Amino acid sequence: MGRAHSPRTFCHLSNGGLVKVCALVVIITVWVEWQHSGMLIPNSTNLEIQRPPQRQLAVDSIVVDDKQSWTRYDHPSAYGTHFDPTVCHPRVWSLDSVGRRPENTTFAFAVTKLSMRYTNIVLDAAKRLRVMSSRPISVMVLKSGAKEGAIGELAVKLSDISNTTFYLLDNPVNIEDLSEGYVRALQKNPNCCKESEYLKLHAVALPYDQVLVLDLDATLVKPVDHLFHCDVDLLYAAGPWSPLNGGVFLVRGNRPDRLRHMVEVLINTSYTYTQEACFDGLGCGPCNCGGPCSKYNVRCFGQEGPQGFIHYYFVKRGDPSFRVARISTCLYDFQDSGLKKCKPEFERRGFSPFIVHKDTRGENGSALALIRRLGTDPSTQPESKVCRPEFWILGARKAGTTALYTWLTYHPQVFSHHVQGFPTDGEIYGSVKPLDKYNNKFKKVPSGLLVGDSNVYRLIDDAAELPALCGHKHAKFLVLLRDPVERCHSQMLMRARVKQKNLDITMDSNLSEVIDRQLKSFEDAVAASPGWADGFLPEPLHGWKSSYNCIYEGIYGAHLKRWFFHTSLDNFRIYFTEDFAEHRDEVLHDALEFIGADVSLYHGSALLEGKIPNSRSNMTLPEHQQLMPLLRRRLQDVFAPYNRMLEDVIGRRTPWGY
Ligand SMILES: Nc1ncnc2c1ncn2[C@@H]1O[C@H](COP(=O)(O)OS(=O)(=O)O)[C@@H](OP(=O)(O)O)[C@H]1O
């Protein structure tokens, strides 16, 4: 089944009055295509359903949460001190072979009621999302809950937001097929998750590999691209009073057969439903019942509806063919009610949520106030470009950043911006804060030209600050990575050459001895924080910001994890220095295209012959400056596991051979 690309393309090209027409073409085409493709399941009356007799469950057969006790909401790993936000690490990081993410993924909103007022709520949510991600947005609207005028209005307005697709859908579940007792329980639920919410099940059949379902009041505070790289059937967060919160979850899409099966299973299990033991007697929980739970967890919230059912279908049934992973509620489904539990950890470790759901207390409320304090307030997240540079070369130190910066500036659209200092290659020292002062450093750059900031300190230091201040959408980061042993040696040679008072190395120093000391100090620091680089977010080693330790600077995987935690892989191009040496033009063309330059205007190659900027030009080193073979091997052994980590993080093999 093809996606409705053609009408959308048409819509992007059109304007004015045509937009209205094309918006309707989109709705109708998407809807008709689904109806004809057999992908749309909604008419469950077509299914052959074996209705089991209403079962009376013996109390003994009720398993409330033994099987999945780890998913208890109040378990420390749901909230609290344990913050591994995903259990599918390291797959979570993997990119495709060229280091870019697979494209076929979408965010999805499920809109069960659509009046004129709701139209604006949907639009606001889509616009907020667009600030954070250029990924497709699917808007699934329940046909029976939508007013006709509102459908047209929404379709027209959505066509102004790039890469959105509108689906007008029936409820995949026909309520008459469900048992009466189940429907009564479903409808008695005072707040949430009645039968219309089963609209969300359509997510598994949307024509995308991965679908991240978001409620309209779930706001991305930071990009969550890493979630799309998890190879799972379901990724979910526990709700405050439910085993799974339906406001944020990710499913594998493209599975109309699964949607059919889910509906079938729901119908069948609705006949096993009792107030005490929903879903085949496997229980409604685990959940935090807001006090001591009754034996049957009957006070779970929304457990009869999709929240309970999706958890039952993917988790409790224990189908071994499913890959299911739970993510941190604090990080990915942060709600006011979680403040007490999440806040201490957030404040201690400087974390902030990726997704804020239901900030009911608004402006003065808990969630916003907290993330404002932590510096990632979605309302101050710049939508337009606020930092002057278009690109940043982050490092690594001694990996060829001067050459990359200089050669990019040979393009007529890239301004050659030299700043006083050392080396004079576009380095801007210090923080991006305050923004005025930072932008002032670029005041001589004519408008309309692209300009970069090249600063090798940033790779280690600025992961949290730079993307948040400059806007995730607008920041493009270039990184060069060089064989860490060579880089380390080169760094020490530079320190020997540079006569700075506070540097302890001179031209007479024995560099192998110097590096050996650095290795020892690195090993001591790691021994004091065992496994520091292994987790999801290795914070900088204590006191090692802007480190001059050449081993620490070469643990690229750990530094990049911090960047990918705080921003999106979309913002990055990562090159190996060795590839840059061998395939210079390819790297430069790719980087120019990435920063938004017209590659066809680049005639720089002819200028590039001759000396490599900032190179020590193959000078023969005196013996005391050479790297002793034994030390080289030791360094390789130390770096080897970190190189594997880097490969996990960027999804590519390093060319270094160890
Ligand atoms: N294209 C290409 N291929 C291979 N190696 C290259 C390339 N361009 C620069 N270089 C080498 O990178 C070293 C300088 O790196 P940086 O400019 O990043 O250094 S700095 O941190 O900004 O001082 C410096 O390394 P050393 O020669 O070891 O000093 C350069 O020779």
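Please refer to the structure higher up on the page.
Here the structure is a predicted model, which is why all the values come from computation and not from measurement. For every chain, the first residue of its written sequence is number 1, and the numbers climb from 1 along that sequence. Confidence filtering applies because this is a predicted model: local features only for residues at pLDDT of at least 70, side-chain atom pairs given and counted only at 80 or more, and all residues used for totals across whole chains, interfaces and linings. Side-chain descriptors were evaluated using all non-hydrogen atoms of the structure, hydrogens and water having been removed beforehand.

Contact pair helix H16 (residues 484-497) / helix H21 (residues 629-650): the axes reach a minimum separation of 9 Å and the direction vectors enclose 125°. Relative to H21, the element H16 lies oblique. Two secondary-structure elements touch here, H16 through Pro484, Val485 and Glu486 and H21 through Arg632, Leu635, Gln636, Phe639 and Asn643. In terms of residue class, the contact of H16 with H21 is made up of four nonpolar, two polar and two charged. Simply put, an axis is a line fit to the C-alpha atoms, just over the touching stretch for a helix, and the angle between two N-to-C directions goes from 0 to 180 degrees. Under the DSSP-based scheme used, a helix requires at least four consecutive residues in state H or I and a strand at least two consecutive residues in state E, with every element numbered from the N terminus. Orientation labels follow simple angle bins: below 35 degrees gives roughly parallel, above 145 gives roughly antiparallel, 65 to 115 gives roughly perpendicular, and whatever is left gives oblique. Contacts: residue pairs with any heavy atoms within 4.5 Å of one another. When residues are sorted by character, Ala, Val, Leu, Ile, Met, Phe, Trp, Tyr, Cys and Pro go into the nonpolar class, Asp, Glu, Lys and Arg into the charged class, and all the rest, Gly among them, into the polar class.

The disulfide criterion used throughout: a pair of cysteine sulfur atoms within 2.5 Å. Applying the stated criterion across every chain, the model contains two disulfides. Between Cys387 and Cys470 runs a disulfide, and the two sulfur atoms are separated by 2.1 Å. With the S-S bond torsion at -80°, the cross-link from Cys387 to Cys470 turns out left-handed. Within this pair, whereas Cys387 is found in the loop between helix H11 (366-373) and strand S10 (391-395), its partner Cys470 is found in helix H15 (residues 465-470), the two being separated by 83 residues in sequence. Burial classes follow relative accessibility: with a 1.4 Å probe on protein chains only, a residue under 20% of its type's maximum area counts as buried, one over 50% as exposed, and anything between as partly exposed. For Cys387, a relative accessible area of 2% translates into the label buried. By relative accessible area, which is 2% here, Cys470 ends up buried. Linked covalently through their sulfurs, Cys488 and Cys550 form a disulfide whose S-S length is 1.9 Å. Here Cys550 lies in the loop between helix H17 (511-528) and helix H18 (556-566) and Cys488 lies in helix H16, a separation of 62 residues in the sequence. The residues Cys488 and Cys550 share a single accessibility class, namely buried.

Remark: nonpolar core denotes a set of buried residues (Ala, Val, Leu, Ile, Met, Phe, Trp, Tyr, Cys) joined through side-chain atoms within 4.5 Å. Judged by nonpolar contacts, the single largest core of 84 residues is most densely connected at Leu478, Ile551 and Leu560. Ranked by residue count, the leading element in this core is H21, at nine residues. Other than its neighbours up to four places away in sequence, Ile551 contacts Cys488, Ile515, Gln518, Leu519, Phe522, Leu635, Val638 and Phe639. Grouped together as the second largest cluster of nonpolar side chains are 51 residues, Ile161, Leu212, Val232 and Leu537 included.

Let us now look at H17. A helix's residues, less one, multiplied by 1.5 Å, set its expected span. Over its 18 residues, H17 extends 26 Å from the first C-alpha to the last, a length consistent with the 26 Å expected when each residue adds 1.5 Å. Of the positions making up H17, those classed as buried are Leu511, Ser512, Val514, Ile515, Gln518, Leu519, Phe522, Ala525 and Val526. Across the axial projection of H17, the buried residues extend over an arc of 155°, all falling on one side. Exposed and facing more than 90 degrees away from the buried side of H17 are Arg517, Ala527 and Ala528. Among the residues of H17, the N-terminal cap falls to Asn510, whose side-chain oxygen and the backbone nitrogen of Ser512 are separated by 3.0 Å. Relevant arc is that of directions from the helix axis to the C-beta atoms, nothing else. Within 3.5 Å is the distance limit for a polar contact, defined as a pair of N or O atoms, with the added protein rule that one can donate a hydrogen and the other accept it, and that residues adjacent in sequence qualify only through two side-chain atoms.

This next bit is on the sheet that holds strand S3 (residues 164-169). Pairing is mixed across the open sheet formed by seven strands, whose spatial order is S3-S2-S1-S4-S7-S6-S8. At either margin of the open sheet sits one strand with a lone partner, and together these are S3 and strand S8 (324-326). Direction aside, the axes of adjacent strands within the sheet are offset by 20° on average. Along the sheet, helix H3 (residues 116-132) contacts strand S1 (105-111), strand S2 (137-142) and strand S4 (210-214); its crossing angle with S1, the most-contacted strand, is approximately 160°. Across the face of the sheet, helix H8 (residues 306-316) comes into contact with strand S6 (234-236), strand S7 (248-252) and S8 while running at roughly 125° to S6. Strand pairing follows a simple DSSP-based rule, namely that at least 2 bridges must link the two strands.

Attention shifts here to the sheet that holds S10. The strands that make up a sheet pair up through hydrogen bonds in the backbone, lying either parallel or antiparallel. Strand order in the open sheet made by the four strands is S11-S10-S12-S13, with parallel pairing throughout. Edge positions in the sheet fall to strand S11 (452-454) and strand S13 (572-576), since each of these pairs with one other strand and no more. On average, each strand axis in the sheet is tilted by 20° relative to the strand beside it, whichever way the strands run. Taken together, the three bridges between S10 and S11 define a ladder with parallel strand orientation. Across the sheet, residue Ile393 finds its bridge partner in S11, namely Ser454.

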